[in-house]
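Breakdown of the fold
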Amino acid sequence: MTYHDIVIIGGGPAGLSAAAAARKAGVQDILILERDSVLGGILNQCIHNGFGLHTFKEELTGPEYAARYIAMVEEEKIPYKLNTIVADISGNREVTYINREEGLVTIQAGAVILAMGCRERPRGALNIPGYRPAGIYSAGTAQRLMNIEGYRVGNEVVILGSGDIGLIMARRMTLEGAKVKVVAELMPYSGGLKRNIVQCLDDYGIPLKLSHTVVQIHGKERLTGVTIAEVDENRAPIPGTEEYYSCDTLLLSVGLIPENELSKGAGISMNRITSGPNVDDKLETDAEGIYACGNVLHVHDLVDFVSQEAALAGTNAAAYVKRTKESVPASEGKGHKVPLAAENGVRYTVPQTLNVDAMQDTVTVRFRVADVYKDRYISVYYDDKRVSKKKKKVLAPGEMEQVVLKKSSFAEYPDLRKITICTEVE
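Residues numbered from 1 in each chain as written. Predicted model: local features only at pLDDT ≥ 70, side-chain atom pairs only at ≥ 80, totals over all residues. Heavy atoms only, no water.

A look at the pattern of salt bridges
Throughout the structure, instances matching the rule amount to 15 salt bridges. Residue Lys325 pairs with Asp5 through a salt bridge whose shortest N-O separation is 2.9 Å. Of the two residues, Lys325 is situated in helix H7 (residues 303-325) and Asp5 in strand E1 (residues 3-9); the sequence distance between them amounts to 320 residues. Judged by its relative accessible area of 54%, Lys325 falls in the exposed class. Judged by its relative accessible area of 6%, Asp5 falls in the buried class. In this structure, Lys209 engages Glu243 in a salt bridge whose closest nitrogen and oxygen atoms are separated by 2.6 Å. Placement of Lys209 in strand E13 (residues 208-210) and of Glu243 in strand E16 (residues 243-246) is noted, with a sequence separation of 34 residues between them. A residue is classified by how much of its surface remains accessible, and Lys209, at 23% relative accessible area, is partly exposed. (Salt bridge = Lys/Arg side-chain N within 4 Å of Asp/Glu carboxyl O. Helix = DSSP H or I, 4+ residues; strand = E, 2+ residues; numbered from the N terminus. Buried < 20%, exposed > 50% of the residue type's maximum accessible area, 1.4 Å probe, protein only.)

Here is the structure:
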């Protein structure tokens, strides 16, 4: 069986950043496995700008951002296989993949980095009554058809869901000459970034109807229209609020799901909130030597944070491989592990555990809130003592938040049992 020090599943922004960081950390034997025909992942179809402000201090399009990382991988001569689908990962890091040239192949990895990204929630998950006419697309599918394959998707459009892809496609469809009639959002708040609401809807006069959803799809062969209705606090349609919109296209932007079938197959424990693996501060899962980063771990709002997170995974995977080759006892990496708890408006944290003894000088904890909150504090507790607080004018589920924990801050808490991150009024 062929051996590689590090095998990276996915050649998108997370996989590329992890590969570059692992090489910088001194590991030479790295292999990237990518199912698409090119590297770059979803960024290849994101032709709008807004990428790279944190990483490169300039505004880039998706393909430009991807090209920077592809150039790093090419420059370092890191090998990759395209059109290659990973079929299985075992708990002891045996990776089975298939492609046209080699057939079915199993390789052994010293460490595995999961960077498979995420997928869109399909229409089947929504239970909308009606036939299955042509003209219903997920927003990402429509984006690929327009930006990569050159098709015009529709003329009269309704968009369900106000995630970032849906908002960006509202602008994209408008620029291509389509009429976007309305964006309907089930929740009482948008799932996208505030800047996208302003730049993609407000600037083009496209109405956003919060607490609304599609309750009926009209048309049998081709979509002819949809009926939307207001929903109550239990997200049930309110009778008498129905509105009909004629349209030939319905775009669904109703959430992203981390792509974790391979992770589950490897026996990795999953987080019910993020739908990604549970990880420690080194982004290692509970399967030793298997790391996770990017949208496979939790859905990010900015690709810059994906790259930062992936670089950390690549660096830590490299350190793990080196320790293994030097036969460093596993007990040396144990240390004092403390769980992180998300409470009072904080939905989850990544990581979920922190090794106080073996952590770096600082650890960035990322999280999302459960609702729109105004004038609240983000508080951090060590057991029952509040050790920090930060006032925020607005907290929204569409915007990822973060706190930075310092190793030095734990010196006074040798028996620490729990770290809690929460929102508070004062």
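Section: the nonpolar core
Membership of the largest hydrophobic core comes to 62 residues, with the highest contact counts inside it found for Ile6, Ile8, Ile9, Ile89, Val95, Ile113 and Leu114. In terms of residue count, H7 provides more of this core than any other element does, eight residues in total. Not counting chain neighbours up to four residues away, the residues in contact with Ile113 comprise Ile6, Val7, Ile8, Ile9, Ala18, Tyr291, Cys293, Ala313, Gly314 and Ala317. (Core = buried A, V, L, I, M, F, W, Y, C linked by side-chain atoms within 4.5 Å. Contact = heavy atoms within 4.5 Å.)

Quick notes on the packing of helix H1 (residues 13-24) against helix H2 (residues 62-75)
Interhelical geometry of H1 versus H2 gives an angle of 35° and a closest axis separation of 9 Å. Seen from above, H1 lies across H2 with left-handed handedness. Residue-level inspection shows Leu16, Ser17, Ala19 and Ala20 of H1 in contact with H2, the latter providing Ala66, Tyr69, Ile70, Met72 and Val73. For the contact of H1 with H2, the residue count by class is eight nonpolar, one polar and no charged. (Axes fitted to C-alpha atoms, helices over the stretch in contact; angles between N-to-C directions. Left-handed = near helix turned anticlockwise from the far one by under 90°. Nonpolar A, V, L, I, M, F, W, Y, C, P; charged D, E, K, R; others polar.)

Re the sheet that holds strand E20 (residues 337-343)
Spatially, five strands are ordered E21-E20-E26-E23-E24 in an open sheet, and the strand pairing comes out mixed. On the outer flanks of this sheet lie strand E21 (353-355) and strand E24 (385-395), each paired with one strand and no other. Strand-to-strand, the axes of this sheet are offset by a mean angle of 20°, without reference to chain direction. Across four bridges, E20 lies against strand E26 (residues 419-424) in parallel orientation. Its bridge partner being in E26, Leu340 is matched across the sheet by Ile419. (Pairing = 2+ DSSP bridges.)

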